[in-house]
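What the coordinates show
Below are the chains, spelled out letter by letter.
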Amino acid sequence: MDGGDLLSPGENIMDVDKAIAQISAAGIELTDRRRNDSDDGWVLQFSNGATLNVHDSGAATAQGRGVDAIAEIVDLPAGSRGT
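Residues numbered from 1 in each chain as written. Predicted model: local features only at pLDDT ≥ 70, side-chain atom pairs only at ≥ 80, totals over all residues. Heavy atoms only, no water.

With that settled, consider the pattern of salt bridges. Under the definition given, this model contains 4 salt bridges. One salt bridge in this structure joins aspartate 32 and arginine 34, with 2.3 Å as the shortest N-O distance. Taking the shortest distance from any N to any O, the salt bridge between arginine 35 and aspartate 39 comes out at 2.9 Å. A network of salt bridges, in which partner residues are shared, links Arg35, Asp39 and Asp56. (Salt bridge = Lys/Arg side-chain N within 4 Å of Asp/Glu carboxyl O.)

Next up, the structure:
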């Protein structure tokens, strides 16, 4: 799947609402959305076990069991994927 529209060209800025919409459209349910502990971004948890962290700056990282599926959907670079 092409999730390239979630990142602004040349800026690597992710939009949290677009990311949720794209991942949900792929059939992966959002199970939790909350502000992170430092209140500078969102922690999104999905039914496949993945967690997507989207900072207010637009920087994003993914981790957890389903990280590969989430990262592919939102077109995260390999360096933004954890385990």
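A word on the nonpolar core. Grouped together as the largest cluster of nonpolar side chains are 19 residues, with contacts concentrated most on Met14, Ile23, Leu52, Ile70 and Leu76. Elements that contribute at least two residues to this core include exactly helix 1 (16-25), strand 2 (41-46), strand 3 (50-55), strand 4 (60-64) and helix 2 (67-73). Other than its neighbours up to four places away in sequence, leucine 52 contacts Met14, Ala19, Ile23, Trp42, Val43, Leu44, Phe46, Ala60, Thr61, Ala62, Ile70 and Leu76. (Core = buried A, V, L, I, M, F, W, Y, C linked by side-chain atoms within 4.5 Å. Buried < 20%, exposed > 50% of the residue type's maximum accessible area, 1.4 Å probe, protein only. Helix = DSSP H or I, 4+ residues; strand = E, 2+ residues; numbered from the N terminus. Contact = heavy atoms within 4.5 Å.)

Quick look at the pairing of strand 3 now. The element strand 3 is extensively covered by neighbouring structure, given that 5 of its 6 residues are classed as buried. The sheet contact formed by strand 2 and strand 3 spans 5 bridges and is antiparallel. Pairing of glutamine 45 across the sheet is with threonine 51, part of strand 3. The turn linking strand 2 back onto strand 3 is made up of 3 residues, and glycine 49 within it adopts a positive phi angle of 95 degrees. Relative to strand 4, strand 3 runs antiparallel, the two being bridged by 5 bridges. Of the residues in strand 4, the one forming a bridge with leucine 52 is alanine 62. (Pairing = 2+ DSSP bridges.)

What follows concerns helix 1. Quick reminder: α-helices carry 3.6 residues per turn. Residues three or four places apart thus point the same way. For helix 1, the complete set of buried residues consists of Val16, Ala19, Ile20 and Ile23. In a view along the axis of helix 1, the buried residues occupy a sector of 100 degrees, so they form one face of it. Taken together, the buried residues of helix 1 touch strand 1 (30-35), strand 2, strand 3 and helix 2. Between the side-chain oxygen of the N-cap and the backbone nitrogen of aspartate 17 there are 3.1 Å, and the N-cap of helix 1 in question is aspartate 15. (Arc of directions from axis to C-beta. Polar contact = N/O pair within 3.5 Å; in protein donor to acceptor, adjacent residues only side chain to side chain.)

Moving on, we come to the sheet that holds strand 4. An order of 1-2-3-4 is seen for the 4 strands of this open sheet, with the pairing classed as antiparallel. Looking along the sheet, the strands with just one partner apiece sit at the ends: strand 1 and strand 4. Going across the sheet, the axis of each strand differs from the next one's by a mean of 15 degrees, ignoring polarity. Examined bridge by bridge, strand 1 and strand 2 share 5 bridges and lie antiparallel to one another. Residue pairing across strands places leucine 30 opposite phenylalanine 46, the latter belonging to strand 2. (Axes fitted to C-alpha atoms, helices over the stretch in contact; angles between N-to-C directions.)

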